[in-house]
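# Observations on the model geometry
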Amino acid sequence: MSGHEDSFVSLERATSTGTARCQVTRTARDWTMPEALRQYVAEQRALGHELAGPFVFHCRHRTHGVGMIDVRDVLDADREIAGLGGAGSADVIIGTVSHCHGAIVRLCIGD
């Protein structure tokens, strides 16, 4: 992943989803950020890093020019993150993403 201003990421490695076009770069895209973010967290856990999530708010395009995230995902994440905070400290990965790009943060709760 490459970063811009600490919170914007653009994925440059591929995960298999079929080919589409990135709306920003206008080039072929064969990755999806939600899956790549899940893979990143799994890789970090395998390296011994304790991370919660990822909590992915996937902006899906409902019609031309209209992208939306599901409120259900936000409410579920809020409930789960509140539980983590109530149990002590946690590092949580949260992202609002499209298939190509997103804003991702590592939220450190507690200590």
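Residues numbered from 1 in each chain as written. Predicted model: local features only at pLDDT ≥ 70, side-chain atom pairs only at ≥ 80, totals over all residues. Heavy atoms only, no water.

## With respect to the nonpolar core
- Residues Cys22, Trp31, Met33, Leu37, Val41, Leu51, Val56, Ile93, Val97, Cys100 and Ile104 constitute the largest nonpolar core, which totals 11 residues.
- For this core, the elements supplying multiple residues, two or more each, are α1 (33-46) and β8 (90-97).
- Ranked by residue count, the leading element in this core is α1, at 3 residues.
- In this structure, Ile81, Ala90, Val92 and Ile109 belong to the second largest nonpolar core, which totals 9 residues. (Core = buried A, V, L, I, M, F, W, Y, C linked by side-chain atoms within 4.5 Å. Buried < 20%, exposed > 50% of the residue type's maximum accessible area, 1.4 Å probe, protein only. Helix = DSSP H or I, 4+ residues; strand = E, 2+ residues; numbered from the N terminus.)

## Regarding the pattern of salt bridges
- Under the definition given, this model contains 6 salt bridges.
- Ionic pairing is found between Asp76 and Arg79, a salt bridge with its closest N-O pair at 2.6 Å. Remark: Arg79 and Asp76 occur in helix α2 (residues 71-86); sequence separation between them is 3 residues, near one turn of the helix.
- Arg79 sits in the exposed class, given a relative accessible area of 55%.
- In this structure, Arg106 and Asp91 form a salt bridge, with 2.9 Å as the shortest nitrogen-oxygen distance. Residue Arg106 is located in strand β9 (residues 101-109), and its partner Asp91 is located in strand β8; the two are separated by 15 residues in the primary sequence.
- A single salt-bridge network, built from bridges that share partners, covers Arg60, Arg62, Asp70 and Arg72. (Salt bridge = Lys/Arg side-chain N within 4 Å of Asp/Glu carboxyl O.)

## Re the confidence of the model for the protein chain
- When pLDDT is averaged along the protein chain, the result is 81, and 81% of the positions lie at 70 or above.
- Confidence, expressed as mean pLDDT per element, reaches its minimum in the protein chain at strand β1 (residues 2-4) with 36 and its maximum at strand β5 (residues 52-58) with 94.
- Low pLDDT (under 50) marks residues 1-18, which in the prediction has 44 contacts with non-local residues, meaning those over four places away or in another chain. (pLDDT = per-residue confidence, 0-100. Contact = heavy atoms within 4.5 Å.)

## Examining the pairing of β5
- Within β5, 6 of the 7 residues are buried, which leaves it mostly tucked inside the rest of the structure.
- Summarising the sheet, β5 and β8 pair through 5 bridges and their orientation is parallel. In the strand pairing of β8, Phe57 is matched with Thr96. (Pairing = 2+ DSSP bridges.)

## Concerning unusual backbone geometry
- Omega for the bond connecting Gly53 with Pro54 falls within 30 degrees of zero, at 10°, which places this linkage in the cis form.
- Relative to the elements of secondary structure, Pro54 occurs in strand β5.

## With respect to the pairing of β8
- Most of β8 sits inside the fold, with 6 of its 8 residues counted as buried.
- Pairing of β8 with β9, which is carried by 8 bridges, proceeds in the antiparallel orientation. Bridged to Val97 within β9 is Gly102.
- Once β8 ends, the chain turns through 3 residues before running back antiparallel as β9.

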